[in-house]
Amino acid sequence: MRKAFKLLIGFSVLASLVGCGEKHFLEDKVFAGGVYAPKAALNKGKSIYTEYCMACHGVNGDGHGVAAKGLQVPPRDFTKGVFKFGQVPTGELPHDGDFYKILKEGLHGTAMLPWDLTHDQMFAVVQYIKTFAPAVWEGKDKKLGTAIVVTKDPYGPAHESSAIQRGKEVYHAVANCQSCHRAYVGHKEFSDINLKVNGEKVTDFDPDMYKIKMQETEWGFKSMPPEFTWDFVRSATTVQDLYIRLNAGVGGTAMPSWKDTISDEDVWAVAHYVKYLMDLKNTPARKALMDSISK
Ligand code: HEC
Ligand code: HEC
C-alpha cells in the first residue's frame, strides 16, 4: 500500500516536472492588424497544436518536431514570423484567412496536409502559432500585409491560347523566369521570342537555361524552384491561385513578388502559361514538348 502511494507521489512529481514547461495563457492578446485573441482561444489553440501540429512544427514552434527529421521540405519555423504562402507581398504578414486556406487545402507535395478543423479551431491554432514570434505579431501597432486584390482576368477561358502565347513570352523574355526555374522553349523559339519582345536575337545561350537553379532561403536551407510540368506547385491549383502567388511571391525565398514589376495583364498571362505547363504533367504532350526542346 505504502509502496503504491510512494509510486503515485513519484508519478505526480514527474508529471509536474514534465508539465513545468507548459504555460497557460492567463491574459488575452492583441496581434497585428488588431486581431483580438482571448486567453481561452490561445489555450484551446495550444491544445490543438500539441495534438496535431507539434510532431512536425516542434514544442517551441521552431520546426524541429520529432517527425520533422528527414522531411525533404522542412516544417515551417514559426519563431521567425516569416511565411511563404501568404496572399500578401513577400516580407509582409499574412492575414488569418491566408492561414485558413493553407490549413484547409494543405501544401501540395509536402508533409503539410489538409486539416479538417472547424473555423473556431482554425482561429485558435492560428492565434497560438503567432505566440512563437511575439516580436513580430504582438501589439496593436503591428501591421498586416496588403492583401493581393484579384483583378478581372483580361483573357478568361475564351482567350486561353493568346494568354498562353503571351505568358510564354513574358516568362522567357520579359520576366526571365528561367533564370531560376528553367526554359520551356527550344533555342530557336527562345531567340524568336526575344527578337519579338526585346528586338534582340539571342545567339549566346545560357548553358544552364534548362536546369533548375537551387536558391537560398531565410531559414538557412536551400529551396528548389519547381519544374512546373513535373513537381508540385504547393499553393496553387487554378489560374487565379497562380495570379495571387505571382503577385505575392514566396516569402523567405528567392521567388519575388511580380506585382508592379510586370504589368497586371502580363501577370495574368504568365499565370495562364504556368497552369498550361502544370497541366502537361503525366501527359504524352509533356514528352513531346521535352523532345522538341532537346532537338
Ligand atoms: C507531418 C508534418 C506536419 C504537420 C503534422 C503539420 N505541418 Fe504545417 N507544415 C509542414 C511542412 C513540411 C511545412 C512547409 C511547407 C513548405 O515550406 O512548402 C508546413 C508549413 C506550415 C505553415 C506555413 C505556411 C506558410 O505560408 O509559410 C503553417 C502556417 C502550418 N504549417 C501550420 C500547421 C498547423 C496549424 C498544423 C496543425 C494543425 C500543422 N501545420 C501540422 C508539416 C506539417
Ligand atoms: C530569383 C529566382 C526566381 C525567379 C526569377 C522566379 N522564381 Fe519562381 N520560385 C523560385 C523559388 C526558389 C521557388 C520555390 C519557393 C519554395 O521554396 O517554395 C519558386 C516557386 C515558384 C512557384 C510555385 C509556388 C508554389 O505555390 O509552390 C511558381 C508558380 C513560380 N515560382 C513561378 C514563377 C514565374 C512565373 C516566374 C517569372 C515570372 C518566376 N517564378 C521567377 C525562384 C524564382
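Computed from a predicted structure; not experimentally measured. (Residues numbered from 1 in each chain as written. Chains lettered and ligands numbered in written order. Predicted model: local features only at pLDDT ≥ 70, side-chain atom pairs only at ≥ 80, totals over all residues. Heavy atoms only, no water.)

**Student:** I'd like to hear about the side chain of Gln87, residue by residue, with values.
**Tutor:** You can see Gln87 is positioned in the loop between helix H2 (39-57) and helix H3 (96-105). Leave out the neighbours within four places in its chain, and Gln87 touches Asp98, Lys101, Thr146, Ala147, Ile148 and Ile244. (Helix = DSSP H or I, 4+ residues; strand = E, 2+ residues; numbered from the N terminus. Contact = heavy atoms within 4.5 Å.)

**Student:** Requested: an account of the coordination of the iron atom of ligand 1, with residues and values cited.
**Tutor:** Protein-derived ligands of the iron atom of ligand 1 are His57 (NE2) and Met112 (SD), with the metal-ligand distances lying across 2.0 to 2.2 Å. In this structure, the iron atom of ligand 1 is surrounded by six donor atoms whose angles at the metal cover 86 to 178°, and the resulting shape is octahedral. With His57 in helix H2 and Met112 in the loop between H3 and helix H4 (119-130), this pair connects stretches of sequence that are 55 residues apart. (Donors = N, O, S within 2.8 Å, 3.2 Å for Na, K, Ca; no water. Tetrahedral: all angles 85-135°; square planar, octahedral: opposite > 155°, others 65-115°.)

**Student:** A description of the site of ligand 2 should follow, citing residues and the corresponding values.
**Tutor:** Neighbouring ligand 2 are 27 residues; Cys177, Cys180, His181, Ser235 and Met255 lie closest to it. A distance of 2.8 Å is found between an oxygen atom of ligand 2 and a side-chain nitrogen or oxygen belonging to Ser223. Between ligand 2 and the protein, one listed contact pairs an oxygen atom with a side-chain N or O atom of Ser235 at 2.6 Å. Of the pockets mapped on this structure, ligand 2 occupies the largest pocket. (Near = heavy atom within 4 Å. Polar contact = N/O pair within 3.5 Å; in protein donor to acceptor, adjacent residues only side chain to side chain. 1 Å grid on protein atoms, 1.4 Å probe; cavity = no way out; pocket = protein on both sides within 12 Å on 5 of 7 lines; lining within 4 Å. Sits in = over half its atoms within 2 Å of the grid points.)

**Student:** Talk me through the coordination of the iron atom of ligand 2; I want residue IDs and the actual numbers.
**Tutor:** With distances of 2.0 to 2.2 Å, the protein atoms coordinating the iron atom of ligand 2 are His181 (NE2) and Met255 (SD). Each of the six donor atoms around the iron atom of ligand 2 contributes to a set of angles spanning 87 to 179°, which defines the coordination as octahedral. In this pair, His181 sits in the loop between helix H6 (160-174) and helix H7 (187-198) while Met255 sits in the loop between helix H8 (239-248) and helix H9 (264-279), placing the two residues 74 residues apart along the sequence.

**Student:** Explain the domain arrangement of the protein to me, using residue names and the numbers behind them.
**Tutor:** For the protein, the domain assignment lists domain 1 (25-137) and domain 2 (157-294). Where domain 1 packs against domain 2, one counts one salt bridge. For Lys101, the salt bridge is made with Asp241, and the minimal N-O distance between the two is 3.3 Å. Linking domain 1 with domain 2 are six residue pairs in polar contact (both at pLDDT 80 or more). Class assignment of the residues belonging to the side of domain 1 that touches domain 2 gives a composition of eight nonpolar, seven polar and five charged. (Domains from an automatic or database assignment. Salt bridge = Lys/Arg side-chain N within 4 Å of Asp/Glu carboxyl O. Nonpolar A, V, L, I, M, F, W, Y, C, P; charged D, E, K, R; others polar.)

**Student:** Describe in detail the packing of H2 against H4, supporting the description with residues and values.
**Tutor:** Taken N-terminus to C-terminus, the directions of H2 and H4 make an angle of 90°; their axes are 7 Å apart at the nearest point. With respect to their mutual orientation, H2 and H4 come out roughly perpendicular. For the pair formed by H2 and H4, the contact residues are Ala41, Leu42, Lys44, Gly45, Lys46, Ile48, Tyr49 and Cys53 on the first element and Asp120, Gln121, Phe123, Ala124, Val125, Gln127, Tyr128 and Ile129 on the second. Residues that form the contact of H2 with H4 fall into these classes: ten nonpolar, three polar and three charged. (Axes fitted to C-alpha atoms, helices over the stretch in contact; angles between N-to-C directions. Parallel < 35°, antiparallel > 145°, perpendicular 65-115°, else oblique.)

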